[in-house]
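In case you want the letters, here they are:
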Amino acid sequence: MLKKNKNQLKHFYSVVPIGGGKLGWCYGDLAIAYTLLRHYEELGDYESKAMAYELIEKSSLKSMEQAGVLYYSQYGYHDMGICHGTTSIAYMYKKMFLITKDQQLQDLAHKWLGHTIESLDIYLPQINSIAEKEKTNPLIDTSLGFLNGLSGVGLALISFIDPKLSDWDKLLLLDRPGRD
């Protein structure tokens, strides 16, 4: 919201306890923090940066169980989707690192990337069996789809190898025009 008299962004968020909230791109603390950092980047608003870092600090303390990522105990892996899985969290930390060059954000990105790779190692050998058993379970997506399937995970993984290969994130409104 813009403050009418100063044409400044008015922003607020509710305080989320360490065990609450979610971290992912589509509905999470990191999407809010990223938006605040973009506001800082474009307009130089240090209040936005401070609020983003406050939210990042609180969210970085969350364990996998507190992050809102689904765990499929019958198969032993966590949701990896680009929407709200481990890939989403890794990618959001990476995008914030690109703005701030803060090594701690890169470390967090790599931590969550590790969680994604661990789950892929468990998931991929079972994918055909899971797909057969879970045909009617809307929570388990064994598709090659973008938001919840392997295509999104693959695109995010490729962008960790070569940041120039992240043009696809325009679909998520995460691109930063004019920047490498």
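Residues numbered from 1 in each chain as written. Predicted model: local features only at pLDDT ≥ 70, side-chain atom pairs only at ≥ 80, totals over all residues. Heavy atoms only, no water.

## A few points about the confidence of the model for the protein chain
Part 1 of the argument: Confidence in the prediction for the protein chain averages 84 pLDDT; 84% of positions are at 70 or higher.
Part 2 of the argument: Note that residues 11-19 has pLDDT below 50 and, in this model, 20 contacts with residues that lie over four places away or in other chains. (pLDDT = per-residue confidence, 0-100. Contact = heavy atoms within 4.5 Å.)

## Thoughts on the pattern of salt bridges
Part 1 of the argument: A full pass over the atoms with the stated rule returns six salt bridges.
Part 2 of the argument: A salt bridge links Glu-42 to Arg-38, with the shortest nitrogen-to-oxygen separation between them at 3.0 Å. Of the two residues, Glu-42 and Arg-38 both sit in helix α1 (residues 29-43), four residues apart, roughly one turn of that helix.
Part 3 of the argument: For Arg-38, a relative accessible area of 18% puts it in the buried group.
Part 4 of the argument: With a closest N to O distance of 2.7 Å, Asp-169 and Lys-95 form a salt bridge. Remark: Lys-95 occurs in helix α3 (residues 86-100) and Asp-169 occurs in the segment after α6 (150-161); sequence separation between them is 74 residues. Of the two residues, Asp-169 and Lys-95, neither departs from the other in class, the shared state being buried. (Salt bridge = Lys/Arg side-chain N within 4 Å of Asp/Glu carboxyl O. Helix = DSSP H or I, 4+ residues; strand = E, 2+ residues; numbered from the N terminus. Buried < 20%, exposed > 50% of the residue type's maximum accessible area, 1.4 Å probe, protein only.)

## Let's talk about the packing of α1 against helix α2 (residues 46-60)
Each pair of packed helices can be described by the angle between their axes along with the distance between the axes.
Part 1 of the argument: Between α1 and α2, whose axes approach to 8 Å, the crossing angle comes to 155°. With respect to each other, α1 and α2 are oriented roughly antiparallel. The handedness of the crossing between α1 and α2 comes out as left-handed. Between α1, through Asp-29, Leu-30, Ile-32, Ala-33, Leu-36, Leu-37, His-39 and Tyr-40, and α2, the contact on the second element is made entirely by Tyr-46, Ser-48, Lys-49, Met-51, Ala-52, Tyr-53, Leu-55, Ile-56 and Ser-59.
Part 2 of the argument: Split by residue class, the contact of α1 with α2 holds twelve nonpolar, three polar and two charged. (Axes fitted to C-alpha atoms, helices over the stretch in contact; angles between N-to-C directions. Parallel < 35°, antiparallel > 145°, perpendicular 65-115°, else oblique. Left-handed = near helix turned anticlockwise from the far one by under 90°. Nonpolar A, V, L, I, M, F, W, Y, C, P; charged D, E, K, R; others polar.)

## Focus: the environment of Tyr-93
Part 1 of the argument: One can find Tyr-93 in helix α3.
Part 2 of the argument: For the pair Tyr-93 and Ala-31, spaced 62 residues apart in sequence, the C-alpha separation works out to 9.6 Å.
Part 3 of the argument: The contact partners of Tyr-93, leaving out residues within four places of it in the chain, are Leu-30, Ile-56, Ser-59, Ser-60, Leu-105, Leu-108, Ala-109 and Trp-112.

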